[in-house]
Amino acid sequence: SRVSFEEESQNPLAVGHWKPLMPSKGDKEEPDSGCQDAGGVEEPQSTEQLNVSRLRSSSVEIREKGSEFLRDELHKAQKELKLKDKECERLSKVREQLEQELEELTASLFEEAHKMVREANTKQAAAEKQLREARGKIDMLQAEVTALKTLVITSTPSSPNRELHPQLQSPSKAGFRKGHGRNKSTSSAMVSAASQNVAPEPVSRECKEVDSILFAEFQAWKESPTLDKSCSFLDRIYREDVGPCLDFTKQELSELVRVAVEQNTLTIEPVASHAVPLGKVAAEECGGPKKCALSGLPRTCKHRIMLGDSGNYYYISPSCRARITAVCNFFTYIRYIQQGLVRQDVELMYWEVMRLRREMSLAKLGFYPSEM
């Protein structure tokens, strides 16, 4: 029995031998010497190659499907981007159109408002002229009525007026008359009244002529409008109009006012009934309701100004307010021209600038409307 067991242990059967199909990388297959035949060795190798080929084919298929899916997604994203680009382009065109319409509307509104103001000023001037003529006629008629009353009252039965009754005149005086006599009391009264109250002369129509030098400077400035006072157009206006108009007794405050007007940070408001705020500046520098801060003279101040956001108010007289307002109106108009809001003929713009310059000159000389 021991001999048969040893024989069996030395010759094991090859049919019952097991071998893993997928050995690990660390393990090394050792050939079994004389235990396997040729058919048993080729079968695991063919199985392993089949599994590897299947894995390769599946990975290639997965890769192709993934790339196809990514291509589809890319096409979808490109289509969405094109749609969004078209939408953005459409919205930008709509925005540009709205901005252009808004700019045109603003310009037309400004021109209409300017036209209305000009028409109102013309109507006001015509009404004032008619009022002056009517008052002259009323004064003349009143003088005539007064003269007639005087002639009638002075002619009584006890002492008749010989002008009203020429038949009572002496023959020597009556001899000088030729033809029949006529009552000239009314005509004499009218002549005397007319000599006392002369009718106002009609206002002559204003004539205008373009100055070639000023117009050339304005045209050069209009081609590239700027607020830089180094150009010849603004330099002349600063020297001849703006500088003298804003030249007040208080030099330091005048300079601050000029800078605030140029920067468009000056505020003018009517004087309220509340107490005077002093702020950081002394009361005598700020002036008061009875003293102008710019001229330093005792004047009734109906308005006050504030420079920027300082919070300090300066009380100004009506004359100073008219001068500041005239300069502000000029700067406002040229700012509108610079921003492209005034769409008129160059000559019309030029005459409007000349009118604003005339207002500055009149305000400098002390002329201002009564409502100031």
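Structure: above.
No experiment lies behind these values; they were computed from the predicted model shown.

Reading guide: rules and limits
Residues numbered from 1 in each chain as written. Predicted model: local features only at pLDDT ≥ 70, side-chain atom pairs only at ≥ 80, totals over all residues. Heavy atoms only, no water. Phe/Tyr/Trp six-rings, centres within 6.5 Å; stacked < 30°, edge-to-face > 60°. Helix = DSSP H or I, 4+ residues; strand = E, 2+ residues; numbered from the N terminus. Buried < 20%, exposed > 50% of the residue type's maximum accessible area, 1.4 Å probe, protein only. Lys NZ or Arg CZ within 6 Å of the ring centre and 35° of its normal. Core = buried A, V, L, I, M, F, W, Y, C linked by side-chain atoms within 4.5 Å. Contact = heavy atoms within 4.5 Å. Pairing = 2+ DSSP bridges. Expected span 1.5 Å × (residues − 1). Polar contact = N/O pair within 3.5 Å; in protein donor to acceptor, adjacent residues only side chain to side chain. Salt bridge = Lys/Arg side-chain N within 4 Å of Asp/Glu carboxyl O. 1 Å grid on protein atoms, 1.4 Å probe; cavity = no way out; pocket = protein on both sides within 12 Å on 5 of 7 lines; lining within 4 Å. Points joined across faces, edges and corners; volume = space filled by probe spheres on them. Domains from an automatic or database assignment. Axes fitted to C-alpha atoms, helices over the stretch in contact; angles between N-to-C directions. Parallel < 35°, antiparallel > 145°, perpendicular 65-115°, else oblique. Left-handed = near helix turned anticlockwise from the far one by under 90°. Nonpolar A, V, L, I, M, F, W, Y, C, P; charged D, E, K, R; others polar.

Visitor: Looking at this structure, I do not really get the packing of aromatic side chains. What am I missing?
Guide: Each pair of aromatic rings is reported with the distance of its centres and the angle of its planes. Overall, the coordinates contain nine aromatic pairs when judged by the stated rule. With centroids separated by 5.5 Å and ring planes inclined at 65°, the aromatic side chains of phenylalanine 218 and phenylalanine 233 adopt a geometry described as edge-to-face. Taken together, the residues span a long stretch of sequence, with phenylalanine 218 in helix α5 (residues 212–223) and phenylalanine 233 in helix α6 (residues 232–245) at a distance of 15 residues. Overall, the relative accessible area of 3% leaves phenylalanine 233 in the buried class. Judged by centre distance (6.0 Å) and plane angle (65°), the ring pair of tyrosine 238 and phenylalanine 331 falls under edge-to-face. Taken together, the positions of tyrosine 238 in helix α6 and phenylalanine 331 in helix α9 (residues 318–338) put the pair 93 residues apart, joining distant regions of the chain. According to the relative accessible area criterion, tyrosine 238 is buried, its value standing at 12%. The exposure class assigned to phenylalanine 331 is buried, which follows from its relative accessible area of 5%. Ring pairing ties together the aromatic residues Phe215, Phe218, Trp221, Phe233, Tyr350 and Trp351, which thus form one cluster. Taking NZ or CZ as reference, lysine 208 lies 4.8 Å from the ring centre of tryptophan 351, over its face. It is lysine 229 that lies over the ring of tyrosine 238; its NZ or CZ is 5.2 Å from the centre.

Visitor: It is not clear to me how the nonpolar core should be interpreted in this structure. Could you clarify?
Guide: Nonpolar side chains tend to gather and get buried jointly when the protein is soluble and globular. Val242, Val257, Leu294, Ile324 and Phe330 are the most contacted members of the largest nonpolar core, which has 44 residues in total. For this core, the secondary structure elements donating two or more residues are α5, α6, α7 (251–263), β2 (303–307), β3 (313–316), α9 and α10 (346–365). When residues no more than four places from it in sequence are discounted, the contact partners of valine 242 are Ile237, Val327, Phe330, Phe331 and Met360.

Visitor: Could you clarify how one ought to interpret the pairing of β2 in this entry?
Guide: Of all the five residues making up β2, five are buried; the element is thus mostly covered by neighbouring parts of the structure. With five bridges joining them, strand β1 (residues 266–270) and β2 adopt antiparallel strand pairing. Across the sheet, the residue bridging to leucine 266 is leucine 307, located in β2. Between β2 and β3, which pair antiparallel one after the other, the connecting turn spans five residues, and glycine 308 there sits at a positive phi close to 65°.

Visitor: Mind showing me how you'd approach α10 here?
Guide: Given 3.6 residues to a turn, an α-helix orients residues that are three or four positions apart in the same direction. If you check α10, its first and last C-alpha atoms are 29 Å apart, about what 20 residues at 1.5 Å a residue would give, namely 28 Å. Buried residues of α10: Met349, Tyr350, Glu352, Val353, Met354, Leu356, Arg357, Met360 and Ala363, and no others. The N-cap of α10, judged by a side-chain oxygen 3.2 Å from the amide nitrogen of glutamate 347 a few residues on, is aspartate 345. Two residues or fewer past α10, glycine 366 is found with a positive phi of approximately 105°.

Visitor: It is not clear to me how the pattern of salt bridges should be interpreted in this structure. Could you clarify?
Guide: Where charged atoms of side chains with opposite charge meet at close range, the side chains can pair. Evaluated as defined, the whole model comprises 14 salt bridges. Residue glutamate 240 pairs with arginine 357 through a salt bridge whose shortest N-O separation is 2.6 Å. A residue pair is termed long-range when its members are at least 10 positions apart, and glutamate 240 in helix α6 and arginine 357 in helix α10 qualify at 117 residues. Where salt bridges share partners, they join Glu217, Arg236, Glu240, Asp241 and Arg357 into one cluster.

Visitor: How should the layout of surface pockets be read in this particular structure?
Guide: Think of a ball as big as a water molecule: rolled over the atoms, this probe shows where empty space is left. The space that makes up the largest pocket amounts to roughly 2,000 Å³. What lines the largest pocket is a set of 41 residues, among which Asn121, Thr122, Arg355, Arg358 and Glu359 lie closest to the centre. Here the element with the most residues in the lining of the largest pocket is helix α2 (residues 38–154); it accounts for 13 residues. Two domains each provide a minimum of three residues to the lining of the largest pocket, namely domain 1 (51–154) and domain 2 (225–273 + 282–365).

Visitor: Just to check I follow, could you spell out the packing of α7 against α9 for this structure?
Guide: When two helices pack together, their arrangement is given by the angle between the helix axes and by the axis-to-axis distance. Look at α7 against α9: their axes get within 9 Å of each other, and the N-to-C directions meet at 30°. When the interaxial angle is binned, α7 and α9 end up roughly parallel. The two elements α7 and α9 meet at a crossing, and its hand is right-handed. In contact with Val257, Val261, Glu262 and Gln263 of α7, α9 contributes Ile324, Val327, Cys328, Phe331 and Arg335. When the residues that make up the contact of α7 with α9 are grouped by side-chain class, the tally is six nonpolar, one polar and two charged.

Visitor: Please clarify how the side chain of serine 317 should be interpreted in this entry.
Guide: Looking at the secondary structure, you find serine 317 in the loop between β3 and α9. The contacts of serine 317, once residues within four sequence positions are left out, are Cys292, Arg299, Thr300 and Cys301.

Visitor: I tried to follow α9 on my own but got confused; where do I start?
Guide: Counted at 1.5 Å a residue, the expected span for α9 with its 21 residues is 30 Å, and the 30 Å between its end C-alpha atoms agrees. Remark: glycine 340 follows α9 within two positions and exhibits a positive phi of approximately 80°.

Visitor: What is the right way to look at the sheet that holds β2 in this model?
Guide: Two strands in a sheet stick together by hydrogen bonds in their backbones, pointing the same way (parallel) or opposite ways (antiparallel). The antiparallel open sheet is built from three strands, whose spatial order is β1-β2-β3. At either end of the open sheet lies a strand with only one pairing partner, and these are β1 and β3. The sheet shows a mean angle of 30° between the axes of neighbouring strands, taken without regard to direction. With four bridges connecting them, β2 and β3 associate as antiparallel partners. Bridge pairing in β3 links histidine 303 to isoleucine 316.

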